[in-house]
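# Overview (structure and organization)
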Amino acid sequence: MNNDLSDIPGLRIGNAADEDARTGVTVVICDEPCVAACDVRGGGPGTRETDLLDPERTVEQVDALVLSGGSAFGLDAASGVTQWLAARGRGFPIGTANVPIVPAAILFDLLNGGDKTDVEGGLYRDLGARACDALDEPLLLGSAGAGFGATTATLRGGLGSASAKVGAFTVGVLAAVNAAGSATIGDTGNFWAGTYERDGEYGGLGLPGSIPQEALSPRTKGSAGQSTTLCVVATDAALTKVQARRLAVMAQDGLARALHPVHTPLDGDIVFAISTGKVALADPLRDLVALGSEAAQCAARAIARGVYLADATPLAGTPPAWQAKFG
């Protein structure tokens, strides 16, 4: 186990970033089409092709998912991924045509001090294709991919991931953390998700002896549309579209355990759920409860890891990294 989304057989993850622009893209490619669904809780989401993930829609499976910086400009990253897949014959068959199904979601990183000159051009389309070309590279977390230019209310954000076994199944979560709120408690280095930490994966500080009253007051950054936490929860369990939707809903609890405040009018929080369908459910109801419970814990851990692993190099216009302040 690598403790990340790559522990799910049949999925590959690629990152690409532009250091000057302080932005990036993360792509999750399904080796074979995967059942998918999503759940949106934030008040300001930016998405592409998420309507078709509703259980009542015709298309059951997706070829890839894209997480991107760049706000609305970043949705063009999915075009780069779509072209990359089409060139390899992937997609939903319609007559003689194949149409790759690539839902996407974006976060806002336009005001983090990077040179955004090229965001209105083909920057994100190119980053999407580059992320696909990087599928065989080791998965980098922290200041990488869609989390490259991410921030939270108090610290730099980042790309995080975590995974776990659930009986015969594996579940994993990938999170791009650009939250309006904070992943840490007040001015401390303790993570709200401290209860769920495994093997010191984000510093081993646990929870403080008591939580200061001021830490319970909401501390946020920016204004509407400037924040979002994007998550992908994946499993090798064979799920229907309805079951995948329930998995996404349950995984949202992980955001509430790891961020304060969360699901605000300022956020575009979304959780995608995908199933590679490799392992059949023995008891559909009980197995789904177990998967959803673990998915929520993995989501909380992935969010904390994304903040914990962010690059400690100081950047003008962004808050400090956890490693620089508490490491």
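Anyway, here's the lowdown on the structure attached to this text. (Residues numbered from 1 in each chain as written. Predicted model: local features only at pLDDT ≥ 70, side-chain atom pairs only at ≥ 80, totals over all residues. Heavy atoms only, no water.)

## Regarding the layout of surface pockets
What counts, and what does not: The definitions used throughout rest on a 1 Å grid laid over the protein atoms alone, on which a cavity is an enclosed set of points accommodating a 1.4 Å probe that cannot get out and a pocket is an open set flanked by protein within 12 Å on both sides along at least five of seven lines; lining residues are those having an atom within 4 Å of a point. Grid points are joined across faces, edges and corners, and a volume is the space filled by probe spheres set on the points. Counting from the N terminus, the helices are the DSSP runs of H or I reaching at least four residues and the strands are the DSSP runs of E reaching at least two. Basically, the charged four are Asp, Glu, Lys and Arg, the nonpolar ten are Ala, Val, Leu, Ile, Met, Phe, Trp, Tyr, Cys and Pro, and anything else, Gly included, counts as polar.
Space inside the largest pocket adds up to approximately 270 Å³. Along the walls of the largest pocket sit 17 residues, with Asn15, Ala16, Leu140, Ala144 and Gly145 positioned nearest its centre. Element by element, the count of residues in the lining of the largest pocket is highest for strand S1 (residues 11–18), at 5 residues. Taken together, the residues of the lining of the largest pocket sort by class into 10 nonpolar, 4 polar and 3 charged.

## A closer look at the nonpolar core
Where we set the bar: In this description, a nonpolar core means a group of buried Ala, Val, Leu, Ile, Met, Phe, Trp, Tyr and Cys residues linked to one another through side-chain atoms lying within 4.5 Å. Here's how the labels work: a residue is buried when its accessible area is under 20% of the maximum for its type, exposed when over 50%, partly exposed in between, all with a 1.4 Å probe on protein chains only.
The biggest cluster of nonpolar side chains holds 43 residues, and the ones touching the most others in it are Phe191, Val233 and Leu291. For this core, the element with the most residues is helix H4 (residues 284–308), which contributes 11 residues. Residues Ala146, Leu159, Leu230 and Ala234 belong to the second largest nonpolar core, which totals 30 residues.

## Details of empty space enclosed by the protein
Inspection of every chain in the model, using the stated rule, returns 3 cavities of 30 Å³ or more. Reported here for the largest cavity is a volume of approximately 80 Å³. For the largest cavity, the full set of lining residues is Thr154, Ser182, Thr184, Gly186, Trp192, Glu214, Ala215, Ser217, Arg219 and His260. In this structure, the second largest cavity occupies an estimated 40 Å³ of space. As for the second largest cavity, its lining consists of Arg22, Asn112, Phe148, Gly149, Ala150, Thr151, Arg156, Leu315 and Thr318. Here the lining of the second largest cavity is built from residues that sort into 3 nonpolar, 4 polar and 2 charged.

## Examining the side chain of arginine 22
The test is simple: Two residue types count as positive, namely Lys and Arg, and two as negative, namely Asp and Glu; His and chain ends fall outside the count. One speaks of a salt bridge when a side-chain nitrogen belonging to Lys or Arg is within 4 Å of a carboxyl oxygen belonging to Asp or Glu. Here a polar contact is taken to be a pair of N or O atoms separated by no more than 3.5 Å, where protein atoms must pair a possible hydrogen donor with a possible acceptor and residues adjacent in sequence count only if both atoms sit in side chains. Residues count as neighbours in contact if any of their non-hydrogen atoms are within 4.5 Å of one another.
Its location among the elements puts arginine 22 in the loop between S1 and strand S2 (23–40). Buried charge without a partner: arginine 22 forms no salt bridge, and the closest opposite charge is aspartate 20, 8.0 Å away. At a separation of 2.6 Å, a polar atom in the side chain of arginine 22 contacts the main-chain carbonyl oxygen of asparagine 112. Discounting residues that sit within four places of it in the chain, arginine 22 has contacts with Asp109, Asn112, Gly113, Gly114, Lys116, Phe148, Gly149, Leu315, Ala316 and Thr318.

## Brief notes about the pattern of salt bridges
Counted by the stated rule, this structure contains 12 salt bridges. We note a salt bridge from arginine 41 to aspartate 39, for which the minimum N-O separation is 2.7 Å. Judged by its relative accessible area of 4%, aspartate 39 falls in the buried class. The salt bridge involving aspartate 76 is made with arginine 125; its shortest N-O contact spans 3.3 Å. Of this pair, aspartate 76 sits in the loop between strand S4 (61–68) and helix H1 (77–86) while arginine 125 sits in helix H2 (residues 123–133), and the two are 49 residues apart along the sequence. Taken together, the shared-partner salt bridges in this structure form one network comprising Arg12, Asp31 and Asp136.

## Points about H2
At 3.6 residues per turn, the α-helix brings residues three or four places apart onto the same side. Along H2, the residues that are buried comprise Leu123, Tyr124, Leu127, Gly128, Ala131 and Cys132. Tucked into the core, H2 has its buried residues touching S1, S2, S4 and H1.

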